[in-house]
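Now for the letters of each chain:
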Amino acid sequence: MKQLLCLLFGLGLAGRLVAQDIDLPAPQKTGGMPMMEALAKRSTSRAFDSKDLSNQQLSSLLWASFGINRPDGRRTAPSANNQQATDIYVLLRGGAYVYDAKANKLHSVLAEDVRSLGATQAFATNAPVTLIFVADLSKMGNGSEDSKKNMANINVGYISQNAYLFCASEGLATGARASVDRKPLGQKLNLRPEQLIILAQSVGYPRP
Ligand SMILES: Cc1cc2nc3c(=O)[nH]c(=O)nc-3n(C[C@H](O)[C@H](O)[C@H](O)COP(=O)(O)O)c2cc1C
């Protein structure tokens, strides 16, 4: 009954306003720039046009970053012990979503534009997409907290670099940012205490 009411009123089970999930088109897994050229072009941008990316671009970006690239469910980025403990939250004008690589979907988390919380620097607010890389320490086994955080940071480094190379290949602008309003954004995204915001990354068209 609660689920039915939530559906009717667009409320998530936690009682927050959510939007519709987005079914992404299949990612484009062929083509692109030769790897050495993409490496030659990789750079951090801090000037974004506000034009939105298409769902096709989003799908390919997310797949390149941390999509499934083998039948056994392994991913385009390595992860310590194959724990795959990083979630990519996607902040868009229309709300916040979490990437489901298996279903190739964006699950709605919040029907509110919270890109400004993912950006303490003014340039980043203009970018149409902010990726928030969130480590879930509860998926990382029994090591010490320090060791898990260390692995979590390394895991995200690979994913972020994949996003950088995709953007270089596609002529998109991107920039990793440690500067994020972690506490208010974590609250908006309804993160559990074991979920840590590691890094943000803006993506968009370069400002002409
Ligand atoms: C972990 C990490 C955190 C970063 N945080 C920020 C940031 O908060 N703000 C920013 O403008 N750039 C940030 N950057 C981008 C770096 O400043 C940038 O990579 C560096 O200046 C080198 O430039 P390049 O990426 O074009 O080679 C970050 C990069 C990394 C890897």
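Residues numbered from 1 in each chain as written. Predicted model: local features only at pLDDT ≥ 70, side-chain atom pairs only at ≥ 80, totals over all residues. Heavy atoms only, no water.

(A) Region of the structure containing the overall build of the chain. A tally of regular secondary structure across the chain gives 6 helices and 7 strands. Secondary structure elements in the chain, listed N-terminal to C-terminal, are α-β-α-α-β-β-β-α-β-α-β-α-β. Expressed along its principal axes, the backbone C-alpha trace of the chain runs to roughly 55 × 40 × 35 Å. Looking at the chain as a whole, 47% of its 208 residues qualify as buried. The contacts of the chain with a sequence gap of at least 6 include a subset with a gap of at least 24, amounting to 73%. Element-wise, carbon and sulfur atoms account for 53% of the exposed surface of the chain, whose accessible area totals about 10500 Å². (Helix = DSSP H or I, 4+ residues; strand = E, 2+ residues; numbered from the N terminus. Buried < 20%, exposed > 50% of the residue type's maximum accessible area, 1.4 Å probe, protein only. Contact = heavy atoms within 4.5 Å. Areas by Shrake-Rupley, 256 points an atom, 1.4 Å probe, with all protein chains shown as cover.)

(B) Here's a closer look at the sheet that holds strand 2 (residues 86-92). Here 7 strands make up an open sheet; going across it, the order is 1-4-3-2-5-7-6 and the pairing antiparallel. A strand with exactly one partner marks an edge of an open sheet, and here the two such strands are strand 1 (22-23) and strand 6 (173-177). Relative to strand 4 (residues 105-110), strand 1 runs antiparallel, the two sharing 2 bridges. Paired with Asp 23 across the strands is Lys 105, a residue of strand 4. (Pairing = 2+ DSSP bridges.)

(C) Fine view of the site of the ligand. Close to the ligand lie Arg 42, Ser 43, Thr 44, Arg 46, Gln 121, Phe 123, Ala 176, Arg 177, Ala 178, Ser 179 and Leu 199, which account for all nearby residues. Within the contact set of the ligand, an oxygen atom lies 2.4 Å away from a side-chain nitrogen or oxygen of Thr 44. Across the complex, the protein chains shield 52% of the 620 Å² of accessible surface that the ligand would expose by itself. Here the residues of the shell around the ligand are counted per class, giving 4 nonpolar, 4 polar and 3 charged. (Near = heavy atom within 4 Å. Polar contact = N/O pair within 3.5 Å; in protein donor to acceptor, adjacent residues only side chain to side chain. Nonpolar A, V, L, I, M, F, W, Y, C, P; charged D, E, K, R; others polar.)

(D) View of the environment of Ile 68. In this fold, Ile 68 is placed in the loop between helix 3 (55-66) and strand 2. Classification of Ile 68 by relative accessible area gives partly exposed; the value is 24%. Ile 68 sits 36 residues away from Asn 104 along the chain, and the two C-alpha atoms are 9.3 Å apart. For Ile 68, the residues in contact, after removing those within four places along its chain, are Lys 29, Trp 63, Gly 73, Arg 74, Arg 75, Ala 101 and Lys 102.

(E) Examining the nonpolar core more closely. In this structure, Ile 88, Val 90, Leu 106 and Leu 131 are the most contacted members of the largest nonpolar core, which totals 34 residues. When residues of this core are traced back to their parent elements, those giving at least two are helix 3, strand 2, strand 3 (95-100), strand 5 (129-136), helix 5 (145-170) and strand 7 (195-204). Leaving out residues up to four positions away in the same chain, Leu 106 has contacts with Asp 21, Ile 22, Leu 24, Leu 58, Leu 62, Val 90, Leu 92, Tyr 97, Val 98 and Tyr 99. Core analysis: the next-biggest nonpolar cluster, separate from the first, contains 16 residues, Ala 96, Val 114, Leu 189 and Ile 197 among them. (Core = buried A, V, L, I, M, F, W, Y, C linked by side-chain atoms within 4.5 Å.)

(F) Structural view of the pattern of salt bridges. One pass over the full model with this rule turns up 9 salt bridges. A salt bridge links Arg 93 to Asp 52; its shortest N-O distance comes to 3.0 Å. In this pair, Arg 93 sits in the loop between strand 2 and strand 3 while Asp 52 sits in the loop between helix 2 (35-41) and helix 3, placing the two residues 41 residues apart along the sequence. With relative accessibility at 39%, the residue Arg 93 sits in the partly exposed group. Notably, a salt bridge pairs Lys 149 with Glu 145, separated by 3.7 Å at the nearest N-O pair. Note that Lys 149 and Glu 145 are positioned in helix 5 at a spacing of 4 residues, about one turn of the helix. Through salt bridges with shared partners, a single ionic network connects Asp 136, Arg 192 and Glu 194. (Salt bridge = Lys/Arg side-chain N within 4 Å of Asp/Glu carboxyl O.)

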